[in-house]
Amino acid sequence: MNRAWIISIAVSLILIGGGAAGVFYIMKSVPGQMTVQAVLSAPPEEDAEKTQVPKDTQQIIFESQKLVVQVELEDGTIGSGFLYNDKGDILTNAHVVANAKDVSVITADSKSMPGEVIGISRDTDIAVVRVPGLKGKEPLPIRREDSAKLLDEVLALGSPLGLQNTVTRGEISGLDRTLDIDPFRYENMYQISAPIERGNSGGPLLDRTTGDVIGINSAKLDEETIGFSIPIADVLPMVERWSESPMKSLPEFPEFSDQTPSPVTGTDAEQASYLVQYFYDSINQGDFVTAFSLLSSSWQEKASFEEFRSTYHDILNVQVDNVVADPKEGSVEVTAFLTTEETVDGDVVTKKYKVVYPVVSENRAVKIGEGSVQELKAEDEEAEDSKEKKDGEPDKEEAA
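Procedures and definitions
- Residues numbered from 1 in each chain as written.
- Predicted model: local features only at pLDDT ≥ 70, side-chain atom pairs only at ≥ 80, totals over all residues.
- Heavy atoms only, no water.
- Helix = DSSP H or I, 4+ residues; strand = E, 2+ residues; numbered from the N terminus.
- Buried < 20%, exposed > 50% of the residue type's maximum accessible area, 1.4 Å probe, protein only.
- Areas by Shrake-Rupley, 256 points an atom, 1.4 Å probe, with all protein chains shown as cover.
- Pairing = 2+ DSSP bridges.
- Core = buried A, V, L, I, M, F, W, Y, C linked by side-chain atoms within 4.5 Å.
- Expected span 1.5 Å × (residues − 1).
- pLDDT = per-residue confidence, 0-100.
- Contact = heavy atoms within 4.5 Å.

## Concerning the overall build of the protein chain
Alright, step 1. A tally of helices and strands in the protein chain yields ten helices and 22 strands.
Alright, step 2. Going through the 400 residues of the protein chain one by one, you find that 48% of them count as buried.
Alright, step 3. Carbon and sulfur atoms make up 48% of the accessible area of the protein chain, which totals about 19500 Å².

## Section: the pairing of strand β20 (residues 347-362)
Moving residue by residue along a regular strand, the side chains alternate between the two faces of the sheet.
Alright, step 1. For strand β19 (residues 331-344) and β20, the ladder comprises 13 bridges, and the chain directions are antiparallel. Bridge pairing in β20 links T340 to K351.
Alright, step 2. Pairing geometry for β20 and strand β22 (residues 372-376), over five bridges, is antiparallel. Pairing of Y353 across the sheet is with E375, part of β22.

## A word on unusual backbone geometry
Alright, step 1. Residues D182 and P183 are joined by a peptide bond in cis, for which omega reads 10°.
Alright, step 2. Structurally, P183 is set in the loop between β13 (166-181) and β14 (184-192).
Alright, step 3. The backbone of L151 sits at a positive phi, close to 75°, despite the residue not being glycine.
Alright, step 4. With respect to the secondary-structure elements, L151 resides in the loop between β11 (127-130) and β12 (153-158).
Alright, step 5. Notably, D176 is not glycine yet its phi reads approximately 60°, a positive angle.
Alright, step 6. Checked against the element boundaries, D176 lands in strand β13.

## Comments concerning the nonpolar core
Alright, step 1. Ranked by internal contacts, the top residues of the largest apolar core, which has 54 residues, are F82, L91, V97 and I126.
Alright, step 2. A272, I283, V355 and V359 belong to the second largest nonpolar core, which has 30 residues in total.

## Focus: helix α5 (residues 268-284)
Note: α-helices contain 3.6 residues per turn, so residues at a spacing of three or four share the same orientation.
Alright, step 1. Under the 1.5 Å per step criterion, the end-to-end length of α5 is 25 Å for 17 residues, consistent within 8% with the ideal 24 Å.
Alright, step 2. G286 lies just past α5 and shows a positive phi near 75°.

## Quick look at the confidence of the model for the protein chain
Alright, step 1. Residues at a pLDDT of 70 or more form 76% of the protein chain, whose mean pLDDT is 80.
Alright, step 2. Long-range and interchain partners of residues 1-22, a stretch whose pLDDT sits below 50, account for 97 contacts in this model, where long-range means more than four residues apart.
Alright, step 3. Considering only residues more than four positions removed or in separate chains, one finds that residues 392-400, a stretch of pLDDT under 50, has one contact.

The following block contains the structure:
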């Protein structure tokens, strides 16, 4: 019996990334009926202790996120991509950038850069976008041989539903899957249990233990947490040829041209909340260069990098307990509640803070403006809890 699972599909196309918007949602076609069948059941729930992400995994995620980008088209639809060489070339899905030549990429620190499609296939769902602004950066590590095994633990990175740099965990739940989604044919696909959604297309699938890229997330079963990823080893020769000799003309995709764009972009409030969270993730990883780069130019002019770094000298860990984003005229006001572990006179103490930042747009990027910091005492926390509870209650007259 052929070990390949052949899926011939009638698709409702919601691509997990870009030009035609979203993920390929796949419905298995069986003579006389249309059903969706999961090959493996969902993994059993783990207890809270086992679901804690190990520190080495956190490091892999943090370092990888810097090299994963959001790919955005003029019509507002999005996908994902990642830096795979030092020429500034981004690997993504063909369906993300179909019928487009010029795109924008948004980096983890919210910088927007122009990119140009230099290679795309009509047969294999793969494309390469060159981003001059990323030239010279060290790319993600690539696994050049197809060595994934069943139940290998994986991480899927991307921008599902416009939520940039989202990470989901799962396993390789199947191998050698074959899909047909016009005009592409997918062979030797990894089946994964890591949840993926619209916007994930083109994002990397990482080996959780090494951080190596092993695949490109491309499709999922409709309404199921079963996704499919193209083994990167299978497409490296093709994409490397494009990087060496960019295509002089790009093929057209009439299959996508008549589809109504379905933009999936995060709101200003979501982007501002993400940026503040990423700021503190950088602090926790000791990456003060990245954290400093997220600050507005006016804040950077007031404090040197050395002064900024010294602010966190005694802070061992920062946990973001809650983030509230309030859009204002020309900015978003982000309020974050933090719990820190700090050294005070040689002892480790726990403190709580309330910080408020204006998040503003500056030179095609989103930046954190200088805000306020308030240390919370027990009575302050009770007051904040009371305020949040009151704010959440319905107006008595309206409720009547």
